[in-house]
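These are the residues of each chain, in order.
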Amino acid sequence: MNAPDSAVMMKAVEIIPADEAAPLYKRFSSPRGEHLLVVPHTRIFDLPDGLTAGEGHDRPTSEMLDALAAALALPATGEVPLDYVVQPPPQSISLNVSSSCNLSCSYCYAARGSFEGAQPDAMTWEVARVAIDRLLGEADPAAAVTVGFLGGEPFVNRRLVHRAVEYAAAEGERRGLAVGFSVTTNGTLLREEDVELLRRHRFAVTVSVDGGPRLQNLQRPLHVNQGGSYALLHEATRSLLAAPGRAKVAARATVTRFDLNLRERFDAILSMGFPEVGFAPLRSAGGAAGALEDEDWPAYLGAIIRAAEPEMERACEGGTVRLTNLAVALKQLYRGASSPYPCGAGGGYFSVAADGRWYACHRAVGSEPYRLGDSSTGIEPARRREFLVARHVHSQSACRQCWARYLCSGGCHQEATHRTESACGFIRGWLEFCLAAYCELAERNPNYFNPEAIAHERDVHE
Amino acid sequence: MSDKDIVKLLPRNVAALRRGQTEKDGATLVVGNPVSVRLESGVGNCFPGLECDLRNLERRFFPFLTVDVIGSLIRVASVDTAGVQAAAAAGQLSAAAVAVYQQLAADLTANPPWLIIQIRGTFGPLGVLDVTVANLQVPSTGANRLPPDAWTAVRLLTEGTEVLITLRRNNLTRTLTGNRARYLDDNGALAKMFLPGELTQSLCSPWTHDFRDCGCFYWASNHPDIALPPLPTPTPDVAAVNTSVPWQRAERTLTDFPPAPATPNGGSREMAYYEINTTWQSLNFVAEGREFSGPYEPGKFKGDKFPTRAELVTNLRYAAGVELAVIHEYLTAAYSLRVTGLSGALGRNVTAARAELIRVAASEMRHLRAVNDVLLTLARADNVPTADFIPALRVAARIPDSQPGTFRDVLARPATPQAIQDFIELERPSVSVDGLYSRILATLEDEQNNEMSQTIRSIMAEGENHFETFEFIQEWLGQHSPNQYLLALDLAPPPADNPLHATLQQRYRALLERLFAGYKLGIPAGAVNINAARQAMLGNGGLEGAAAAVAAAGFLVVFDRVNDPRFEPVNNP
């Protein structure tokens, strides 16, 4: 899902009106009854029973709901209108610290960190420091600040990661900023000193792991000899998983069309000690095979729902949800997350390449339309504005009239070209499942949605 | 009221809740009236209908039809075809009748339209008549008189009686039979066939000429004759700023401040008809008796603040206990009144007194919830985890008395003249319970949370309404002797082993448990429990039925002490 509403009312640099024909509400049902999703600002209501045939009213129910939804869709205090293009200060950067990786997964978007030659060298300390200084200097001090590490495999450039974390933490403290960290790693190179670093700081650690030994070895082989990475991964993550300290660890599994059975690998990954697993279907694999095709999406939807259902039962009975996709969806539906952008790219989030250039997204290092500035001269407002205007969901002809437009927001910009009716059908199907699950859980175990916990939990960018 | 009658959206997530809660939203857009609004909620007089046009009720006098009554014509305006189909499917309408309705529906935009030309039915005091609409005329006098006009004719039809209407369009005539519709539901609220805004749709605002002529008691309270003048900046220190001026004065400039004061004869010249038509917008808004020519900002409430957060919380908890205690007293009094064997003025007065006592008790239940909402908000602001928050559901051991700083016992007693007098004292503005809330409000004004102060303000405003209501009850019951309206003069609580009494205590306890669970979570998480508690109060299977059963058996309805730390009596601070 997407970036949260900002509590700060921001100035619009451009207003892109919504499609007048776009639906303002979506009716859905859960085992608990009929519900109404007011599409703008994701407001969820229970509808009274028997509001089906417009009973007792002259006007058809749909007409009344139209009028009601039009009123409920207006922004409340503190909510940024959904037709605004705003340019908030940067709150979060990722540093592409490494240009290489010890694994060679066929589907890697970064070509093992080299980005097809756009990032030939690893990041230097000087580049990292200047980027961190700019972030800390420009961020809104009232909001959370995050420094992330990507690559390649970030721990190939271990020294830089350690130095950058210690620097950003100390510098943040000096400036009175709450700095958090994130890292996406293949987990195979973790040493005890790295684990200590992760434990000591408020780190969101995403470990890429595709499944049990068979799948992991097949999809994520070692670069040197194409041997399996499972044993290495299992061994290297054991200590962190046993005692994560302040770190929040989750597994992220890429799903290819060759194996859509999620439940089995979900259990396999949990058995390694991961508290939480998220799935990401492969939408584009560069030249390689394995991306999901139109006929795969219904099967994938069925598979993720089958993985989600037992987690729902757990949650209803007071347990945690271990499927990240569902946990995040439930949390965001509770808050009413709603945004015209699928992520913070170019908004509050930037990805810094090894050469110091700032890109809107870590997947777009080296891509000219995504280059929005650099550490030394800062963000270029005109380029940024152009980028944001073009990617606002109201600018997407395929999305303007979809009821899921502020929840999906068009999906990953990098994958937008792979958007098909079938792929969108999956998103809507999954959201319908999550909406119903949300309503059921809210009734069966209202304690699941602990307002304090959710208010204080910081959002971590993927 | 059944579940089905309540068309209510229950917010399910934070964003849904937020939309209804912020100050700005209240000011910018209101979607119809809340379900709790009744005709008498209007600030103006409701007849002849300046705030709601009662003639709109008659538009739906006949099942499945909406008509427009224009002069001497009754024209079919719309047909509820879904309702017709449902009634046909349920076997309540003949095929022939369905065909007529369908034809009316098909011809809605046709010219000329379908007209109701003949009505046969029971016309109230005029009895059974067969009326040809076109023949109606004034004057309407004498023994065999007819209604004077089409609207009056429809208005006179007795609710629930059979009506035969004859419709005509060109040379076609059709007839339909149906019962004159009910405009109100069992609860006295408007029947759900009426849409939001329907009763006001025929009003025009401003009725500028009327504005000029009508005195302040004819129009709603938003049209005063006199008001205090707007305050210029800086405010001169002269008595005239606090002397009323004619609100509709012709002289609108502030250069000769203060404006000439109002006199019994009106004072300075007032706007003439035509001036009002063209410059009505220059009339100032009046709030708290004073005209405002710029934005109005409510003043801060002045009162003796509690020095610490802990004292505020203690007093809020006690306030919740007082609400519970007065609910006990009011319900005991309400259920001591007769419900059978009443007629005439006695019947009307006792029925009204009982209904109003229960209404006030229900309003105190809302206060209980409101105080708990404020307590939860404060607890969250203080980072108290949900698990540690304890809702305030302990009944007050003693409640504030008429003299500041004095307290009296909670008394379970019938609605005797002394009891009603005590209720008046309890709700009297500025003392007793109101005095407690005024200190709470003064303290909360510093919290930068407008919602909490508004919550307390609305409790205080309702307290004033309760005060007036008890004065009315005193007047109504005062016309009769207690042995006429009380179930018995020596009404006493049931013996401890009475099974009806036991059922009442059991249901009351279950209600407290539900409220405890709901208040602990707040909204939206606690909504399910709070709604369940509300439902558990109604009907024969609820608190209502249990209390009625105790009363019907000839006992006083009383609520026993609950021996549970969460619900046992709390002392005044």
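Since we're looking at a predicted model, the values are computed, not measured.

### Some details on the overall build of chain A
So, point 1. Scanning chain A from N- to C-terminus turns up twelve helices and 15 strands.
So, point 2. Looking at chain A as a whole, 47% of its 462 residues are labelled buried.

### Let's talk about the overall build of chain B
So, point 1. A count of helical and extended segments in chain B gives 17 helices and 13 strands.
So, point 2. A buried classification covers 30% of the 573 residues belonging to chain B.
So, point 3. Across chain B, the fraction of contacts at a sequence separation of at least 24, relative to all contacts at a separation of at least 6, is 63%.

### Section: the sheet that holds strand 2 (residues 25-30) of chain A
So, point 1. The four strands are arranged 2(A)-3(A)-4(A)-1(B) in an open sheet whose pairing can be described as antiparallel. At either end of the open sheet lies a strand with only one pairing partner, and these are strand 2 of chain A together with strand 1 (10-11) of chain B.
So, point 2. Strands strand 2 and strand 3 (33-38) of chain A of the sheet are contacted by helix 11 (residues 421-444) of chain A, whose axis makes an angle of about 60° with strand 2 of chain A.

### Focus: helix 12 (residues 432-444) of chain B
Side chains three or four residues apart in an α-helix point the same way, a direct result of the helix having 3.6 residues per turn.
So, point 1. Helix length check: helix 12 of chain B (13 residues) gives 19 Å between terminal C-alpha atoms against 18 Å at 1.5 Å per residue, within 8%.
So, point 2. Considering only its buried residues, helix 12 of chain B is in contact with helix 9 (309-334), strand 12 (398-400), helix 11 (417-427) and helix 13 (450-477) of chain B.

### Focus: the environment of Glu276(A)
Residues and elements named next belong to chain A.
So, point 1. Inspection of the secondary structure assignment puts Glu-276 in the loop between helix 7 (262-271) and strand 11 (277-281).
So, point 2. Here the alpha-carbon distance between Glu-276 and Ala-250, two residues 26 residues apart in the chain, equals 4.9 Å.
So, point 3. Excluding residues that lie within four positions of it along the chain, Glu-276 makes contacts with Ala-250, Ala-251, Arg-322, Thr-324 and Ala-327.

### Section: the pairing of strand 2 of chain A
All names here are of chain A.
So, point 1. Where strand 2 meets strand 3, six bridges bridge the pair, whose relative direction is antiparallel. Bridge pairing in strand 3 places Phe-28 opposite His-35.
So, point 2. With antiparallel pairing between neighbouring strands as the criterion, strand 2 and strand 3 make up a hairpin whose turn holds two residues.

### With respect to the environment of Ala329(A)
So, point 1. In this fold, Ala329(A) is placed in helix 9 (residues 324-335).
So, point 2. With 108 residues separating them in the primary sequence, Ala329(A) and Ala437(A) have C-alpha atoms 9.7 Å apart.

### Thoughts on the nonpolar core
So, point 1. Of all hydrophobic cores here, the largest spans 132 residues; its most connected members are Leu95(A), Leu330(A), Tyr359(A), Cys434(A) and Tyr438(A).
So, point 2. For this core, the element with the highest residue contribution is helix 11 of chain A, accounting for eleven residues.
So, point 3. For Tyr359(A), the contacting residues outside a window of four places in its chain are Phe350(A), Ser351(A), Ala353(A), Ala364(A), Val365(A), Tyr370(A), Arg371(A) and Leu372(A).
So, point 4. Membership of the second largest hydrophobic core comes to 73 residues, among which are Tyr330(B), Leu368(B), Tyr485(B) and Ala551(B).

### Observations regarding helix 6 (residues 230-242) of chain A
Residues and elements named next belong to chain A.
So, point 1. End to end, helix 6 covers 18 Å across 13 residues, agreeing with the expected 18 Å (1.5 Å per residue, within 8%).
So, point 2. The axis of helix 6 is deflected most strongly, by about 30°, at Ala-236.
So, point 3. Along helix 6, the residues classified as buried are Tyr-230, Leu-233, Ala-236, Thr-237 and Leu-240.
So, point 4. Summarising the contacts, the buried residues of helix 6 are in contact with helix 4 (192-200), strand 9 (203-208), helix 5 (213-219) and strand 10 (248-255).

### Quick look at the packing of helix 2 (residues 125-138) of chain A against helix 3 (residues 158-175) of chain A
Residue and element names in this part refer to chain A.
So, point 1. Running from N to C, helix 2 and helix 3 cross one another at 25°; their axes reach a closest spacing of 10 Å. Considering their axes alone, helix 2 and helix 3 lie roughly parallel with respect to each other. Helix-helix and strand crossings are classified by hand; for helix 2 and helix 3 the assignment is right-handed. Together, Trp-125, Ala-128, Arg-129, Ile-132 and Leu-136 of helix 2 and Leu-160, Arg-163, Ala-164, Tyr-167, Ala-168, Glu-171, Gly-172 and Arg-175 of helix 3 make up the contact between the two elements.
So, point 2. Residue composition of the contact of helix 2 with helix 3, by class: eight nonpolar, one polar and four charged.

### Here's the deal with the sheet that holds strand 14 (residues 371-374) of chain A
Two pairing modes exist for strands in a sheet, parallel and antiparallel, and in both the strands are linked by backbone hydrogen bonds.
Residue and element names in this part refer to chain A.
So, point 1. Reading across from one edge, 11-10-9-8-7-6-12-13-14-15 is the order of the ten strands in this open sheet, with mixed pairing throughout. Looking at the sheet topology across the chains shown, the edges are occupied by strand 11 and strand 15 (378-379).
So, point 2. Pairing of strand 10 with strand 11 involves five bridges; the strand directions are parallel. Residue pairing in the sheet places Ala-253 in a bridge with Phe-279 of strand 11.

### Side note on the confidence of the model for chain A
So, point 1. Mean pLDDT for chain A: 89, with 93% of residues reaching 70 or above.
So, point 2. Every residue in residues 53-58 of chain A is under pLDDT 50, and counting partners more than four places away or in other chains gives 14 contacts.

### Comments concerning the confidence of the model for chain B
Residues and elements named next belong to chain B.
So, point 1. For chain B, per-residue confidence averages 86 on the pLDDT scale, and 87% of positions sit at 70 or higher.
So, point 2. The weakest mean pLDDT in chain B belongs to helix 2 (residues 23-28) at 42; the strongest belongs to strand 4 (residues 115-122) at 97.
So, point 3. Low pLDDT (under 50) marks residues 1-7, which in the prediction has eleven contacts with non-local residues, meaning those over four places away or in another chain.
So, point 4. Segment residues 43-49 is flagged for pLDDT under 50; beyond a separation of four residues in sequence, or across chains, it makes 14 contacts in the model.
So, point 5. On the interface metric, ipTM, the complex scores 0.83, and its pTM is 0.54.

### Regarding unusual backbone geometry
So, point 1. Put simply, Asn111(B) and Pro112(B) share a cis peptide bond, and its omega is -5°.
So, point 2. Between Ile523(B) and Pro524(B) the backbone carries a cis peptide bond, its omega angle lying at 10°.
So, point 3. Among the secondary structure elements, Pro524(B) is positioned in the loop between helix 15 (499-521) and helix 16 (527-537).
So, point 4. Of note, the phi angle at Glu116(A) is positive, near 50°, even though the residue is not glycine.
So, point 5. Inspection of the secondary structure puts Glu116(A) in the loop between strand 6 (92-96) and helix 2.

### Examining the environment of Leu444(B)
Residues and elements named next belong to chain B.
So, point 1. Assignment of secondary structure puts Leu-444 in helix 12.
So, point 2. Separated by 70 residues in sequence, Leu-444 and Val-374 place their C-alpha atoms 9.6 Å apart.
So, point 3. Non-local contacts of Leu-444, meaning those with residues more than four positions away in its chain, are made with Met-452, Ser-453 and Ile-456.

### Some remarks on the packing of helix 7 of chain A against helix 8 (residues 297-316) of chain A
Residue and element names in this part refer to chain A.
So, point 1. Two elements in contact, helix 7 and helix 8, have axes whose closest approach is 8 Å; the angle formed by their N-to-C orientations is 45°. As the angle between them shows, helix 7 and helix 8 are arranged oblique. Between helix 7, through Leu-262, Arg-263 and Phe-266, and helix 8, the contact on the second element is made entirely by Ala-303, Ile-304, Arg-306 and Ala-307.
So, point 2. A per-class count over the contact of helix 7 with helix 8 returns five nonpolar, no polar and two charged.

### Describing the pairing of strand 3 of chain A
Residue and element names in this part refer to chain A.
So, point 1. Here four bridges tie strand 3 to strand 4 (residues 43-46), and the two strands are oriented antiparallel to one another. From the neighbouring strand, Val-38 faces strand 4, where its bridge partner is Arg-43.
So, point 2. Hairpin connection, strand 3 to strand 4: the antiparallel pair is bridged by four residues, and His-41 has positive phi, about 65°.

Reading guide: rules and limits
Residues numbered from 1 in each chain as written. Chains lettered and ligands numbered in written order. Predicted model: local features only at pLDDT ≥ 70, side-chain atom pairs only at ≥ 80, totals over all residues. Helix = DSSP H or I, 4+ residues; strand = E, 2+ residues; numbered from the N terminus. Buried ≥ 20, exposed ≤ 12 C-beta atoms within 10 Å, placed from the backbone. Contact = placed C-beta atoms within 7 Å. Pairing = 2+ DSSP bridges. Axes fitted to C-alpha atoms, helices over the stretch in contact; angles between N-to-C directions. Expected span 1.5 Å × (residues − 1). Core = buried A, V, L, I, M, F, W, Y, C linked by C-beta atoms within 7 Å. Bend = angle between axes of the 7 residues up to and from the residue. Parallel < 35°, antiparallel > 145°, perpendicular 65-115°, else oblique. Left-handed = near helix turned anticlockwise from the far one by under 90°. Nonpolar A, V, L, I, M, F, W, Y, C, P; charged D, E, K, R; others polar. pLDDT = per-residue confidence, 0-100.

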